[in-house]
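In case you want the letters, here they are:
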Amino acid sequence: LPALRDSKLFIKDLHFDEVPVRLYRSRVASAGKRRGVLFIHGGCGIFGSIRSFERVCRYLARKSDSVVVSVGYRLSPEHKYPTQTLDCLTAAIHFLKTAETYGVDPNRIIVCGDSAGGTFAARVCQELVNRRDIPKIRAQVLVYPFLQALNFELPSHQKNAFIAFLSQKRLIRFILMYLNKDCSMVEAILAGSHVPESMNVKYRKWVNPDLIPEVFKVGYKPPSPSSFLPQVHEEIKELFHTRCSPLLAEDAVVRCLPDTCIITCQHDVLRDDGLLYKKRLEDNNVKVTWYHVEKGFH
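If you're wondering where the values come from, they're calculated on a predicted model, not measured in any experiment.

**Here's the deal with the environment of arginine 27**
Relative to the assigned elements, arginine 27 resides in the loop between strand S2 (19-26) and strand S3 (34-40). Sequence spacing of arginine 27 and serine 7 is 20 residues, and the spatial spacing of their C-alpha atoms is 8.0 Å. In contact with arginine 27, not counting residues within four places along its chain, are Asp6, Ser7, Lys8, Leu9 and Phe10.

Next up, the structure:
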């Protein structure tokens, strides 16, 4: 659908290397180059669009006096994983290379995303840490991001398992739909049967309820051990790729990431993903700003 008219913003539909984007820029002339925001919408990789997040992008463009580029990545299941991340990466690289064309300082571009958009934003930043041919991303803003598929029994998953809109089982079902997998595996994944013990041991230093601050663990009960199901693990190995679980990236990558803002919500199954990533970034000397919405929902 075409963009709505806005008296304060210049809005234009473009393609960044065949990826559809919508650009928002103030109609008021700027004395210098503006900041840039690459916005990646949420929706589990299967819902959402440029149009459905237009109000958010208009607000960002007006309030921050930035040039906002909203990415219309292709959705699953019509376009299989990892098309979504690759589209976002393509758009990011194009924007970094051509920023000045749109009146943007290429050294002042941030990548921002909510929910699955936060997953894609986190992964885009990870994929670009070693690029020397384009400007560095200045910062990443991750709004209640999904960051790991290793443990679905963290304190926030237990506490918010039946919260409206994004319950624990609905989250896992959406992930399976995104990967175009059989949704009958929900219960096995919920129980942790998709993870071999060797993998649990390897990643315990990063994905562990012991790393969650005590204030967020009220009422938490360690889950009972589950039986490993090799057939389930084999079917959904993509869950452990860093494109799906950015929290599992190696320290060599994490320590090179840009300044980060993480937003978490108290009543959200994904709250602890943000808390764990915050700790990982801080442990690797990445500057982190954290904002927690006490009464917030996903």
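**Structural notes on the UniProt feature "domain: Alpha/beta hydrolase fold-3" (unreviewed entry) in the protein**
The sites that UniProt annotates as "domain: Alpha/beta hydrolase fold-3" (unreviewed entry) are residues 37-181 and 239-298. Counting secondary structure, residues 37-181 comes out at 38% helix and 18% strand; the distance between its end C-alpha atoms is 33 Å. Taken as a whole, residues 239-298 contains 28% helix and 32% strand, while its terminal C-alpha atoms sit 21 Å from one another.

**Some points on the sheet that holds S3**
An order of S1-S2-S4-S3-S5-S6-S7-S8 is seen for the eight strands of this open sheet, with the pairing classed as mixed. Lying at the two open borders of the sheet, with one neighbouring strand each, are strand S1 (9-16) and strand S8 (288-297). Between one strand and the next, the sheet's axes are offset by a mean angle of 20°, whatever the strand orientation. Bridge count between strand S6 (residues 139-143) and strand S7 (residues 259-267): five bridges; the pairing is parallel.

**Looking at helix H1 (residues 54-64)**
Among the residues of H1, those classed as buried are Glu54, Cys57, Arg58 and Ala61. End-on view of H1: buried residues confined to an arc of 100°, all on one side of the axis. Opposite the buried face of H1, by more than 90 degrees, sit the exposed residues Arg55 and Lys63. Buried-residue contacts for H1 involve S1, S2, S3 and strand S4 (66-71). Aspartate 65, located one to two residues past H1, shows a positive phi value of around 50°.

**As for the nonpolar core**
One finds Ile40, Leu128, Ile189 and Tyr277 to be the most contacted residues of the largest nonpolar core, which totals 83 residues. If one sorts the elements of this core by residue count, helix H2 (residues 83-98) sits on top with seven residues. Among the domains, domain 1 (9-148 + 243-297) and domain 2 (155-240) are the pair contributing at least three residues each to this core. Setting aside anything within four residues of it in sequence, one finds tyrosine 277 in contact with Ala122, Gln126, Gln140, Leu142, Leu147, Pro246, Leu247, Leu257 and Ile262. Formed by 15 residues, the second largest nonpolar core is a distinct cluster that contains Leu9, Tyr24, Val68 and Cys112.

**Here's the deal with the side chain of serine 193**
You can see serine 193 is positioned in the loop between helix H6 (186-190) and helix H7 (197-203). For serine 193, a relative accessible area of 7% puts it in the buried group. Not counting residues up to four positions away in its chain, the partners in contact with serine 193 are Ala188, Ser226, Ser227, Phe228 and Leu229.

Scoring rules and cut-offs
In this convention, every chain numbers its residues from 1, walking through the sequence in written order. Where local features are concerned, this predicted model is filtered to residues with pLDDT of at least 70; where side-chain atom pairs are given and counted, the filter is 80 or more; whole-chain, interface and lining totals use all residues. The side-chain numbers reported here are obtained from all heavy atoms of the structure, hydrogens and water having been left aside. A helix here means a DSSP run of H or I that spans at least four residues, while a strand means a run of E at least two residues long, and both kinds are numbered starting from the N terminus. Throughout, a residue-residue contact means that at least one pair of heavy atoms, one from each residue, lies within 4.5 Å. UniProt positions are given in the numbering used here, feature names are shortened, and annotations may be inferred rather than shown by experiment. For two strands to be treated as a pair, DSSP must find no fewer than two bridges joining them. Here the axes come from fitting lines to C-alpha atoms, over the contacting stretch only for helices, and the angles between their N-to-C directions go from 0 to 180 degrees. Think of it in three bands: residues with accessible area under 20% of the maximum for their type are buried, residues over 50% are exposed, and the middle band is partly exposed, with areas taken using a 1.4 Å probe on protein chains only. Think of the arc as the fan of directions from the helix axis to the C-beta atoms. By convention a nonpolar core is built from buried Ala, Val, Leu, Ile, Met, Phe, Trp, Tyr and Cys residues, the set being connected through side-chain atoms within 4.5 Å. As annotated, the domain borders come from an automatic or database domain assignment.

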